[in-house]
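# Structural overview
The chain contents come next:
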Amino acid sequence: MPEPRPSPPGGRVPLVGPAPIGLHLSGPSPVRPGAADEPAGSGLPQEAEARPGRHSARESIPARLAGLAGGLSDVTGGMGARLRAAARAAKARLSRTLAPIAGPMRPPPDAPATRVAAARARRRRRRAVLAAVAVTGLVATLAYAARSSTPPPLTRETAPVAAPGNQAPGNQPPGNQAPSDQAPSGQAPSRQAPSDQAPATGDPVAPGGPLLDVDLAPLPGSLSLTDLGTRDWRDWGGTGADSFHRKAGGTGEIQDPGGERLEHNAGACDLQWTDGTPTARQEGTRAGVFQRGAGKSFTLGVTGSGDVRTVRLFVGTFSAGARLDLSLSSGGDPAVREVALAAGDRFYQYVIRFRAAPGERLLIRWHALTVTGGQNDGVALQAITVS
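It is worth spelling out the overall build of the protein chain at this point. Scanning the protein chain from N- to C-terminus turns up four helices and 17 strands. Put simply, the protein chain has 387 residues, and 28% of those count as buried. Partitioning the contacts of the protein chain with sequence separation of at least 6, the portion at a separation of at least 24 is 77%.

Have a look at this one:
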């Protein structure tokens, strides 16, 4: 049985276990090595210097915690190194295991690297095949069109009907041909067919029957009545309201009943001729005749011969609206063209193709519908040709 420990001087019992936090102890300082060599008289009682203190450790609580943290770091550092080494070893074993399997499935050097590249290659091949098919079809179509483009031989029904006349090919001087590239003021240009052929669509009735067709042709700055009127022509004005010029040695197919007229010199086209009478040669005239007021008109006729004839009529309006009425004396459907009312001077070239039996006539009437109200408003007549 141990002996009871004597009570310390002063009657104080030493604390057992850790002191409460914040408790300040006033025990003596621990004995340091070498304290025995220190001289006496250090200021402390000898009993106090020799008494050990329970809470006089050489390190504080933070220092102990730092020591514990250092130990944990050493432990975790060692465990991390061991884990990394184990991971490297597992990766090496996995690589050695998968090497025999991945080797045979590696694609050849010239194969597409990905599925996207393979899809692109398939699309390129498909486009190449489609292009080849398209080119083959185009070549076959062109070959078929070339075989089909040869026109069939003309028969009696489809051949153009040539109009008889005394015009020799190649005798027309250059620069005096019929106009084809200028439209009259206020009118849309239209196609001008050759003067010696029937319309391209053929006759509206059986070959040899009546024919009546009209078109509006461009009006150039000048033209030759000699070239256009191979059979006959006539020009009005120049030396008075009742004056006119005609083709010397013409067929006389043009009929003009005359009437009250006024002369003008406002035409939009210079008319020329080299076979006229009473003036044999004219380098360019814009003279003509006109009538004032609404309802006034010019009436002309051209005799038929059973062949196709081409008539060119040169007329105009002075601030008026007008209408052209065409008909055959033998009957049939008439042809009508109208010009809307507008201010100013306007001139037109109408190309008329007709066929009438001998003794029958083409009837022409150009008359004013309305006028704007000026003193000289009305319709004008300049020239006519037959070929």
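Let us keep going from here.
A few words on unusual backbone geometry. Of the consecutive residues Thr-277 and Pro-278, the connecting peptide bond is found in the cis state with omega at 5°. One can find Pro-278 in the loop between β8 (276-277) and β9 (282-285). Positive phi, normally seen in glycine, also occurs at Ser-319, with a value near 50°. Locating Ser-319 in the fold gives a position in the loop between β12 (309-318) and β13 (320-328).

Attention now moves to the sheet that holds β9. Here three strands make up an open sheet; going across it, the order is β2-β7-β9 and the pairing mixed. Because the sheet does not close on itself, it has two edges, and the strands there are β2 (222-224) and β9. For this sheet the average axis-to-axis angle between neighbouring strands, irrespective of direction, equals 20°. One ladder, built from two bridges, connects strand β7 (residues 270-273) with β9; its direction is antiparallel. Across the sheet, residue Trp-273 finds its bridge partner in β9, namely Gln-282.

Time to look at the sheet that holds strand β16 (residues 361-371). Read across the open sheet, the five strands follow the order β5-β11-β16-β13-β14; overall the sheet is antiparallel. Pairing within the sheet leaves two strands with one partner each, and these edge strands are β5 (254-255) and β14 (335-339). Bridge count for β13 against β16 is nine bridges, and the pairing is antiparallel. Residue pairing across strands places Gly-321 opposite Thr-370, the latter belonging to β16.

Assessed through its relative accessible area of 11%, Ser-319 is described here as buried. Aside from chain neighbours lying at most four places away, what touches Ser-319 is Leu-341, Ala-342, Ala-343, Gly-344, Val-371, Thr-372 and Asp-377.

Quick look at the packing of aromatic side chains now. Counted according to the given criterion, the structure contains five aromatic pairs. Seen from their ring centres, Phe-290 and Phe-318 are 5.4 Å apart, and the 70° between their planes marks the pair as edge-to-face. Remark: Phe-318 occurs in strand β12 and Phe-290 occurs in strand β10 (residues 288-292); sequence separation between them is 28 residues. For the pair formed by Phe-290 and Phe-318, the shared burial category is buried. Consider the rings of Phe-318 and Phe-347, whose centres lie 6.0 Å apart with planes at 70°: the pair is edge-to-face. Placement of Phe-318 in strand β12 and of Phe-347 in strand β15 (residues 345-355) is noted, with a sequence separation of 29 residues between them. Phe-347 sits in the buried class, given a relative accessible area of 5%. Among the aromatic residues, those joined into a cluster by ring pairs are Phe-290, Phe-318 and Phe-347.

Summarising burial for β13: seven of the nine residues are buried, a large majority. Both β13 and β14 contribute to a ladder of five bridges, which runs antiparallel. By the bridge assignment, Arg-323 is partnered in β14 with Glu-338. Linking two consecutive strands that pair antiparallel, namely β13 and β14, is a turn of six residues; a positive phi of about 105° is found at Gly-331 within it.

Right, let's talk about a positive patch on the surface for a bit. There is a patch of like positive charges on the surface, built from Arg-120, Arg-122, Arg-123, Arg-124, Arg-125, Arg-126 and Arg-127. Relative to the elements of secondary structure, Arg-120 occurs in helix α3 (residues 115-148).

Turning next to the pattern of salt bridges. Under the counting rule described, the total for this entry stands at nine salt bridges. As a salt-bridge pair, Arg-286 and Asp-270 come within 2.7 Å of each other at their nearest N and O atoms. Pair noted here: Arg-286 is in the loop between β9 and β10 and Asp-270 is in strand β7, with a separation of 16 residues, a long-range link. Note on Arg-286: relative accessible area 32%, which makes it partly exposed. Judged by its relative accessible area of 25%, Asp-270 falls in the partly exposed class. For Glu-283, the salt bridge identified is with Arg-281, shortest N-O distance 2.9 Å. Of the two residues, Glu-283 and Arg-281, neither departs from the other in class, the shared state being exposed. One salt-bridge network, held together by shared partners, links Arg-231, Glu-253 and Arg-309.

Turning to its location among the elements, Ser-243 is positioned in the loop between β3 (232-236) and β4 (244-247). A residue is classified by how much of its surface remains accessible, and Ser-243, at 11% relative accessible area, is buried. Leaving out residues up to four positions away in the same chain, Ser-243 has contacts with Trp-236, Gly-237 and Gly-238. One polar contact links the side chain of Ser-243 to the main-chain carbonyl oxygen of Gly-240, over a distance of 2.6 Å.

Grouped together as the largest cluster of nonpolar side chains are 31 residues, with contacts concentrated most on Val-311, Tyr-350, Leu-362, Ile-364, Trp-366 and Ile-384. Among the secondary structure elements, those contributing two or more residues to this core are β1 (211-217), β11 (297-303), β12, β13, β14, β15, β16 and β17 (378-386).

Rules used throughout
- Residues numbered from 1 in each chain as written.
- Predicted model: local features only at pLDDT ≥ 70, side-chain atom pairs only at ≥ 80, totals over all residues.
- Heavy atoms only, no water.
- Helix = DSSP H or I, 4+ residues; strand = E, 2+ residues; numbered from the N terminus.
- Buried < 20%, exposed > 50% of the residue type's maximum accessible area, 1.4 Å probe, protein only.
- Contact = heavy atoms within 4.5 Å.
- Pairing = 2+ DSSP bridges.
- Axes fitted to C-alpha atoms, helices over the stretch in contact; angles between N-to-C directions.
- Phe/Tyr/Trp six-rings, centres within 6.5 Å; stacked < 30°, edge-to-face > 60°.
- Patch = residues over 30% accessible without salt bridge, like charges linked within 9 Å, V, L, I, M, F, W, Y side chains within 5 Å.
- Areas by Shrake-Rupley, 256 points an atom, 1.4 Å probe, with all protein chains shown as cover.
- Salt bridge = Lys/Arg side-chain N within 4 Å of Asp/Glu carboxyl O.
- Lys, Arg positive; Asp, Glu negative; His and termini not counted.
- Charge placed at Lys NZ, Arg CZ, Asp CG, Glu CD.
- Polar contact = N/O pair within 3.5 Å; in protein donor to acceptor, adjacent residues only side chain to side chain.
- Core = buried A, V, L, I, M, F, W, Y, C linked by side-chain atoms within 4.5 Å.

Keep in mind these numbers describe shape, not what the thing actually does.
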